[in-house]
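# Reading the structure
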Amino acid sequence: MHNEHTDQHFQLRIDTEGHIEPRDYMPEGYRKHLIRQISQHAHSEVIGMQPEGNWITRAPSLRAKQILLAKIQDEGGHGLYLYSAAETLGISREEMIEQLHSGKAKYSNIFNYPALNWADIGAIGWLVDGAAIVNQVSLQRTSYGPYSRAMVRICKEESFHQRQGYEIMAKMMNGTKEQKEMAQDAMNRWWWPALMMFGPHDKDSPHTGDAVKWKIKRESNDTLRQKFIDKTVQQAELIGLKIPDNDIKWNEKTEHYDHGEIDWNEFHRVIKGNGPCNKQRMDHHIKYHNEGAWVREAAAAYKTKKLKKEELVIG
Amino acid sequence: METKNELYKYCLRLGDDALILGHRLSELCSKAPFLEEDLALTNISLDMIGRAQAFLKYASELSDNFITEDDIAYRRPENEYYNHLITEQPNGDFAHTIVRQFFVSVFEYHFFEALTKSKDKSLAAIASKTVKEVKYHMEHATDWVVRLGDGTEESHRRMQIAIEDLWMYTGEFFEMDYVDDILLSAGIAVDKSLIKEKWMKEIIKPLEEATLILPAYTHMQTGSKKGIHTECLGHILSEMQYLQRAYPDAKW
């Protein structure tokens, strides 16, 4: 099956903007890259439920509680579509969860930061989902069909998340002195980690080569990061939030905002597992996964019993 | 309206059941045995918070004070909440979560079905919407009762413990006091004595199918109609009311 001809055919399909579907031939590297990326994306959605879940029981109004619940539910739903998309590449959800627990599979670094006050819920929606959307909009054109289609669905919901996050920030900036302080505090803590979500500078990005050739990745880290900065700075100014970067300023020549240097030491420290919540997030996932084992076993046992009974009836 | 005070209290009771059990279920976000179930539980929670909002909003309209549904939800002292004691019980293991939901949802299904016939248009309208949601909650819980009861030895054991632990809180469902009586004679409230038999019949069937048995004890806990709760409620409220109490002038 695998010969130069099929590889060429595969690349031709990609070069002409065709989608690759689960039953199509694909090089092993392409499959592996996608499994790594899609499962990481799925895990991010699921682990991302934790920092926001941290505020559900303290949501300050009935409306806020419903919006937050619905949003977290969406994230879980995104996790489901993405696990299904990854499953089309020949890996099971159980295996993906094992890889998450063993540390082989990663999730977005951003969720290793804590959600400390109610404005963090605003900041997560506005900045974190805002950054994710920039990346995901670009991924709607990714070459693997199931991933691309999952992105189209996900993008629709993410824009609602971003709006609700911004609404919380705007409301708090329009509120009491304490609320304004909470909002700025959240801004200060989430801004830089949000910029780090786009990954290292293009010159330092290890995975970019094949991913670009295969059109899994459509735009570079720095391009996407700049898009995010350009749209977000103005939104911050509009509600009176200060960007925690003294070097932010509009550059008339480039028609983009210039910004200060990202602290890559922090980025690498958190990726290596030494962020504020890495251990907590993983312990939480493992604990509840293990606690649920008896339920999954019981459901499987019941199913087997039922099938046997049906066979007896038919047999 | 002659029955306004009673109707106000009736709305608080119905709103508080949904508010407190909805809150309990919301605690489970990211903690379910698998992702689909996580979504199912938060979905039920979401239905319940929405229902709480509807009843408490109606209560705020009946009140003589200028208060909102959020004031009612977040600013009352513990002894002015009237949710059934079962709704505030901890999530425990998944068996406890399911058995609690099973007892409550089967009751609520029949209760709200009867309430759709209320002469009070607002109550009847909320009940019509609720009964559709609760039908799903009931099916979800019933399905799990059968699967876990008749699953493994371990799941059976856990389910039987949960039933023993929670059974004592089911007597409250059928209590009637002056509020119920006054509103019942006005054609507004539900006659809960008529629901008891239906409830019992409906819970026995899946329990039998799941080889689970009802406890031998008959003593039932009570108190919520008078605002007397278990120790659980205070902790729920101190968490739920935190921002509203800490920043009383803030709007969220």
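The paragraphs below set out a description of the structure included in this document.

Definitions and cut-offs
- Residues numbered from 1 in each chain as written.
- Chains lettered and ligands numbered in written order.
- Predicted model: local features only at pLDDT ≥ 70, side-chain atom pairs only at ≥ 80, totals over all residues.
- Heavy atoms only, no water.
- Helix = DSSP H or I, 4+ residues; strand = E, 2+ residues; numbered from the N terminus.
- Rg over C-alpha atoms; globule rule 2.2 N^0.38 Å.
- Buried < 20%, exposed > 50% of the residue type's maximum accessible area, 1.4 Å probe, protein only.
- Contact = heavy atoms within 4.5 Å.
- Areas by Shrake-Rupley, 256 points an atom, 1.4 Å probe, with all protein chains shown as cover.
- Lys, Arg positive; Asp, Glu negative; His and termini not counted.
- Charge placed at Lys NZ, Arg CZ, Asp CG, Glu CD.
- Expected span 1.5 Å × (residues − 1).
- Buried area = accessible area lost by both parts, 1.4 Å probe.
- Salt bridge = Lys/Arg side-chain N within 4 Å of Asp/Glu carboxyl O.
- Nonpolar A, V, L, I, M, F, W, Y, C, P; charged D, E, K, R; others polar.
- Axes fitted to C-alpha atoms, helices over the stretch in contact; angles between N-to-C directions.
- Parallel < 35°, antiparallel > 145°, perpendicular 65-115°, else oblique.
- Left-handed = near helix turned anticlockwise from the far one by under 90°.
- Polar contact = N/O pair within 3.5 Å; in protein donor to acceptor, adjacent residues only side chain to side chain.
- Core = buried A, V, L, I, M, F, W, Y, C linked by side-chain atoms within 4.5 Å.

## Focus on the overall build of chain B
- Each helix and strand counted, chain B has 11 helices and 0 strands in total.
- In sequence order, chain B lays out its α and β elements as α-α-α-α-α-α-α-α-α-α-α.
- The C-alpha radius of gyration of chain B comes to 18 Å, within 12% of the 18 Å expected for a compact globule of 252 residues.
- In terms of overall dimensions, chain B has C-alpha extents of about 55 × 45 × 30 Å along its principal axes.
- Taking all 252 residues of chain B together, 60% fall into the buried category.

## Thoughts on the overall build of chain A
- Scanning chain A for helices and strands turns up 13 helices and 2 strands.
- The principal-axis extent of the C-alpha atoms belonging to chain A is close to 75 × 50 × 35 Å.
- When the 315 residues of chain A are sorted by exposure, 54% land in the buried category.
- Taking all contacts inside chain A whose residues are at least 6 apart in sequence as the whole, residues at least 24 apart take part in 78%.
- With the model as given, the accessible surface of chain A reaches about 14800 Å², and the carbon-plus-sulfur share is 53%.
- With 43 positive and 43 negative side-chain charges, chain A shows a separation of 5 Å between the mean positions of the two kinds.

## Here's the deal with helix H8 (residues 177-196) of chain A
- The first and last C-alpha atoms of H8 of chain A sit 30 Å apart over 20 residues, in line with the 28 Å expected at 1.5 Å per residue.
- Buried within H8 of chain A are the following residues: Gln 179, Met 182, Ala 183, Gln 184, Ala 186, Met 187, Trp 190, Trp 191, Pro 193, Ala 194, Leu 195 and Met 196 of chain A.

## Re the interface of chain A and chain B
- On the side of chain B, 50 residues touch chain A, which itself brings 45 residues to the contact.
- At the boundary of chain A with chain B, total buried surface from both sides reaches about 4000 Å², with 69% on carbon and sulfur atoms.
- Where Lys 305 of chain A meets Asp 150 of chain B, a salt bridge forms, and the shortest distance between an N and an O atom there is 3.1 Å.
- Among the elements that take part in the side of chain A that touches chain B, helix H4 (residues 62-87) of chain A stands out by supplying 13 residues, more than any other.
- Looking at side-chain class alone, the side of chain A that touches chain B contains 22 nonpolar, 13 polar and 10 charged residues.

## Some thoughts on the packing of helix H1 (residues 4-26) of chain B against helix H5 (residues 94-115) of chain B
All names here are of chain B.
- Viewed as axis vectors pointing N to C, H1 and H5 meet at an angle of 150°, and their least axial separation amounts to 13 Å. Judged on the interaxial angle alone, H5 and H1 are roughly antiparallel. H1 and H5 meet at a crossing whose hand is left-handed. From H1, Tyr 10, Leu 14, Leu 21, Arg 24 and Leu 25 reach across to H5, where they touch Thr 97, Arg 100, Gln 101, Val 104, Phe 111 and Leu 115.

## Some details on the side chain of His 201 of chain A
All names here are of chain A.
- By secondary structure assignment, the location of His 201 is in the loop between H8 and helix H9 (208-213).
- Residue classification places His 201 among the buried positions, given a relative accessible area of 15%.
- Polar side-chain contacts of His 201 include one of 3.2 Å to the side chain of Glu 261.
- In contact with His 201, not counting residues within four places along its chain, are Asp 222, Arg 225, Glu 261 and Trp 264.

## A few points about the packing of helix H6 (residues 118-139) of chain A against H8 of chain A
All names here are of chain A.
- At a minimum axis separation of 9 Å, H6 and H8 run at an interaxial angle of 30°. Taken together, the axes of H6 and H8 are roughly parallel relative to one another. Note that H6 runs across H8; the crossing there is right-handed. Residues Ala 119, Asp 120, Ala 123, Ile 124, Trp 126, Leu 127, Val 128 and Ala 131 of H6 lie in contact with H8, whose contacting residues are Met 182, Ala 183, Ala 186, Met 187, Arg 189, Trp 190, Trp 191 and Ala 194.
- For the contact of H6 with H8, a count of residues per class yields 14 nonpolar, no polar and 2 charged.

## Considering the pattern of salt bridges
- Overall, the coordinates contain 35 salt bridges over all chains when judged by the stated rule.
- A salt bridge links Arg 149 of chain A to Glu 21 of chain A; its shortest N-O distance comes to 2.9 Å. With a gap of 128 residues between them, Arg 149 of chain A in helix H7 (residues 145-173) and Glu 21 of chain A in the loop between helix H1 (4-15) and helix H2 (28-47) connect regions that are remote in the sequence.
- The class for Glu 21 of chain A is partly exposed, based on a relative accessible area of 22%.
- When salt bridges with common partners are traced through the structure, they connect Arg 13, Asp 177, Asp 180, Lys 192 and Lys 225 of chain B into a single cluster.

## Some remarks on the environment of Ala 186 of chain B
All names here are of chain B.
- With respect to the secondary-structure elements, Ala 186 resides in the loop between helix H8 (178-185) and helix H9 (193-209).
- Expressed as a C-alpha distance, the spacing of Ala 186 and Thr 3, which sit 183 residues apart in the sequence, is 8.2 Å.
- Ignoring sequence-local partners within four residues, the contact set of Ala 186 consists of Thr 3 and Lys 119.

## Here's the deal with H4 of chain A
- The end-to-end C-alpha distance of H4 of chain A, which contains 26 residues, comes to 37 Å, matching closely the 38 Å that a straight helix rising 1.5 Å per residue would cover.
- Within H4 of chain A, 21 of the 26 residues are buried, which leaves it mostly tucked inside the rest of the structure.

## Points about unusual backbone geometry
- Even without being glycine, Glu 17 of chain A reaches a positive phi, approximately 65°.
- With relative accessibility at 46%, the residue Glu 17 of chain A sits in the partly exposed group.

## Observations concerning the nonpolar core
- Tyr 30, Trp 118 and Trp 191 of chain A together with Tyr 10, Phe 103 and Leu 115 of chain B are the most contacted members of the largest nonpolar core, which has 171 residues in total.
- Residues contacting Phe 103 of chain B, with those up to four places away along its chain left out, are Ile 86, Ile 163, Leu 166, Trp 167, Thr 170, Phe 173, Trp 199 and Ile 203 of chain B.

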